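Working through the structure, step by step
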Amino acid sequence: MLPELPSFDDVARASERLAGNAHRTPVLTSTTADAIAGASLFFKCENFQRMGAFKFRGGYNAIARLTPAQRAAGVVTFSSGNHAQAIALASRLQGVKATIIMPLDAPAAKRAATEGYGGQIVTYDRYAEDREQIALRIQSETGATLIPPYDHEDVIAGQGTAAKELFEDVGELDYLFVCLGGGGLLSGSALSAFALSPRCQVYGVEPEAGNDGQQSLRKGEIVRIQAPKTLADGAATTHLGHLTFPLIQKYVRDIVTVTDEQLVSTMKFFAERMKMVVEPTGCLAAAAVLQSVVPVRGARVGVIISGGNVDLAAYGKLLAG
Ligand SMILES: *Cc1c(COP(=O)(O)O)cnc(C)c1O
């Protein structure tokens, strides 16, 4: 049986739930970036979103959709990255208890940020325990609702609101570039593009070391890979989802890849020329345009910058290197 896929109507309703709760992030332009690409680029800056990434949108929307009984029982998720912080903050704002399952060796800064937003952390040993088992146990003990990071209709709809705002602010575009891990942001963005700028060609951008999305699109089925080694940790997923994949097949023109080296050049460009801290994963879409992976000369091009959460020491080293 085919799953019920979210539509642009779901994105529009998510947008109403997010109004006044998520930031309407700025769209920035840069004469230097335009000169490099030979095009007009519009950067949608989700690095300025609450908790530092677009994931707040999907997390907030999913929690806003819970029934009163579900809200009372709380939510649970597993992540050591931006989704954990998004669920922790979105839950606190809506008075819902959040349990976040994190590996024991998760970076201290990420753990502290998640705790700072009010998430209750349960740790596990990545080498000896299965996080899904732990999630199931917590669900059966507490009745909590599991909110996965991308393969969930309310998460996808929430993520689609960033591109919706971009089209509302700048009008129709020839191209839209969006990074992907599990494809929540890409599939939601594609729904907005198809509704608001139907001729826009939507491209997904993945790290070269983790091109499972590109392989899946070529093969016509979800391809699973080993956890890739890449600086783009937010896109180090091993497979697309059962909801995100069919949406990507339907609405996305192609998926291209960039190298870690191209990510670092793009990160430096943002720091030096646009005075912005962008995390490596957040540089994927821009790298495809600024490094001419897809030629866009003369076009109007949207680029989603997905997040700005960095470990300062690692960031400093990459900038200086
Ligand atoms: C999660 C994340 C991604 C990937 O998003 P998906 O919806 O899994 O494709 C990209 N960038 C950042 C900053 C993220 O946190």
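Look a little higher up for the structure.
Note that the structure is predicted; figures quoted are calculated from it, not measured.

Observations concerning the pairing of strand E2 (residues 40–45)
Counting buried positions along E2 yields five of six residues, so the element is predominantly enclosed. As judged from the two bridges shared by strand E1 (residues 27–28) and E2, these two strands associate in the antiparallel manner. Directly across from Leu28, in E2, lies its bridge partner Phe43.

Structural notes on the site of the ligand
Residues in close proximity to the ligand total 16 residues, the closest being Lys55, Asn82, Gly181, Gly183 and Ser306. Measuring from an oxygen atom of the ligand, one finds a backbone N or O atom of Gly181 at 2.7 Å. Interatomic distance of 2.7 Å between a side-chain N/O atom of Ser306 and a nitrogen atom of the ligand. Relative to its free-state accessible area of 380 Å², the ligand is covered by the protein chains to the extent of 96%. Residues of the shell around the ligand, tallied by class, amount to five nonpolar, nine polar and two charged.

A short note on the pattern of salt bridges
A complete count under the given rule lists 14 salt bridges for this structure. The partner of Arg199 in a salt bridge is Glu172, and the shortest N-O contact between them spans 3.8 Å. With Arg199 in the loop between helix H9 (184–196) and strand E8 (201–207) and Glu172 in the loop between helix H8 (153–170) and strand E7 (175–179), this pair connects stretches of sequence that are 27 residues apart. According to the relative accessible area criterion, Glu172 is partly exposed, its value standing at 40%. One salt bridge connects Arg218 with Asp254, and the closest N-O pair in it is separated by 2.8 Å.

Digging into the pairing of strand E4 (residues 98–103)
With respect to burial, E4 is a largely interior element, six of its six residues being buried. The side-chain alternation of E4 yields two buried faces, one formed by Ala98, Ile100 and Met102 and the other by Thr99, Ile101 and Pro103. Of the strand pairs in this sheet, strand E3 (residues 75–78) and E4 are connected by four bridges, and their pairing is parallel. When the sheet's bridge partners are listed, Val75 is paired in E4 with Ala98. Tracing the backbone out of E3, into helix H5 (residues 82–93) and back to the parallel element E4 gives a crossover that is right-handed.

About the thresholds
Residues numbered from 1 in each chain as written. Predicted model: local features only at pLDDT ≥ 70, side-chain atom pairs only at ≥ 80, totals over all residues. Heavy atoms only, no water. Buried < 20%, exposed > 50% of the residue type's maximum accessible area, 1.4 Å probe, protein only. Helix = DSSP H or I, 4+ residues; strand = E, 2+ residues; numbered from the N terminus. Pairing = 2+ DSSP bridges. Near = heavy atom within 4 Å. Polar contact = N/O pair within 3.5 Å; in protein donor to acceptor, adjacent residues only side chain to side chain. Areas by Shrake-Rupley, 256 points an atom, 1.4 Å probe, with all protein chains shown as cover. Nonpolar A, V, L, I, M, F, W, Y, C, P; charged D, E, K, R; others polar. Salt bridge = Lys/Arg side-chain N within 4 Å of Asp/Glu carboxyl O. Right-handed = clockwise from strand over helix to strand, strands pointing away.

Read these as geometric descriptors, not functional statements.
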